[in-house]
Amino acid sequence: TLGDKGIPDSFIWKDFTTLIVISKAYTIYPPIIAVLSGAISHLSEIKDAETIRGVLLSLGDSDKCTKALSWFIAGDESLSTELSKGTYDEIINALDCCISMIGAEVFMKAASLIRSVSLLAARPR
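These lines cover the structure that appears in this document, whether it is placed above or below. (Residues numbered from 1 in each chain as written. Predicted model: local features only at pLDDT ≥ 70, side-chain atom pairs only at ≥ 80, totals over all residues. Heavy atoms only, no water.)

**Comments concerning the environment of tyrosine 29**
Piece 1. The residue tyrosine 29 is located in the loop between strand S2 (24-28) and helix H1 (33-43) in this model.
Piece 2. Expressed as a C-alpha distance, the spacing of tyrosine 29 and threonine 17, which sit 12 residues apart in the sequence, is 6.6 Å. (Helix = DSSP H or I, 4+ residues; strand = E, 2+ residues; numbered from the N terminus.)

**Comments concerning helix H5 (residues 88-100)**
Piece 1. Under the 1.5 Å per step criterion, the end-to-end length of H5 is 18 Å for 13 residues, consistent within 8% with the ideal 18 Å.
Piece 2. All of the buried residues in H5 are Ile91, Ile92, Ala94, Leu95, Cys98 and Ile99. Buried residues of H5, viewed axially, fall in a sector of 165°; they line one side. (Expected span 1.5 Å × (residues − 1). Buried < 20%, exposed > 50% of the residue type's maximum accessible area, 1.4 Å probe, protein only. Arc of directions from axis to C-beta.)

**Overview of the packing of helix H3 (residues 62-74) against H5**
Piece 1. For the pair H3 and H5, the least separation of the axes is 10 Å and the interaxial angle reads 40°. Overall, the two elements H3 and H5 adopt an arrangement that is oblique. Classified by chirality, the crossing of H5 by H3 is left-handed. Contact residues: H3 offers Ser62, Cys65, Thr66, Ala68, Leu69 and Phe72, while H5 offers Tyr88, Ile91, Ile92, Ala94, Leu95, Cys98 and Ile99.
Piece 2. In terms of residue class, the contact of H3 with H5 is built from 11 nonpolar, 2 polar and no charged. (Axes fitted to C-alpha atoms, helices over the stretch in contact; angles between N-to-C directions. Parallel < 35°, antiparallel > 145°, perpendicular 65-115°, else oblique. Left-handed = near helix turned anticlockwise from the far one by under 90°. Contact = heavy atoms within 4.5 Å. Nonpolar A, V, L, I, M, F, W, Y, C, P; charged D, E, K, R; others polar.)

**Examining the nonpolar core**
Piece 1. Counting 25 residues, the largest nonpolar core has Leu69, Phe72, Ile73, Leu83 and Leu95 as the members making the most contacts within it.
Piece 2. Breaking this core down by element, the ones donating at least two residues are strand S1 (17-21), S2, H1, H3 and H5. (Core = buried A, V, L, I, M, F, W, Y, C linked by side-chain atoms within 4.5 Å.)

Shown next, in the form of structure tokens:
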């Protein structure tokens, strides 16, 4: 949406959502590139699936998911230990909500790019 001066609300922190994990509320805002990069670095091993929820479930690793969720909430991994006390379903639902703020297509392209870059960096010359 456009604010009263033609600036998208997400750029001036008017766009937000509240997540509930382990009975605690966390407010998240649309991620900036640094936050998105940090979160995706833990989610780069995703597999193709029909839905974003299916993609997240394909990871099967709650540690990576809690670290990614911490990036979306705090901008770093500082909340990952606290978030790990939540159920896997809570974590996946929260990540799904975070990703919906940027759009599934943008997320999938970014994750694919990170995967490609990591493969190039790991390939011997």
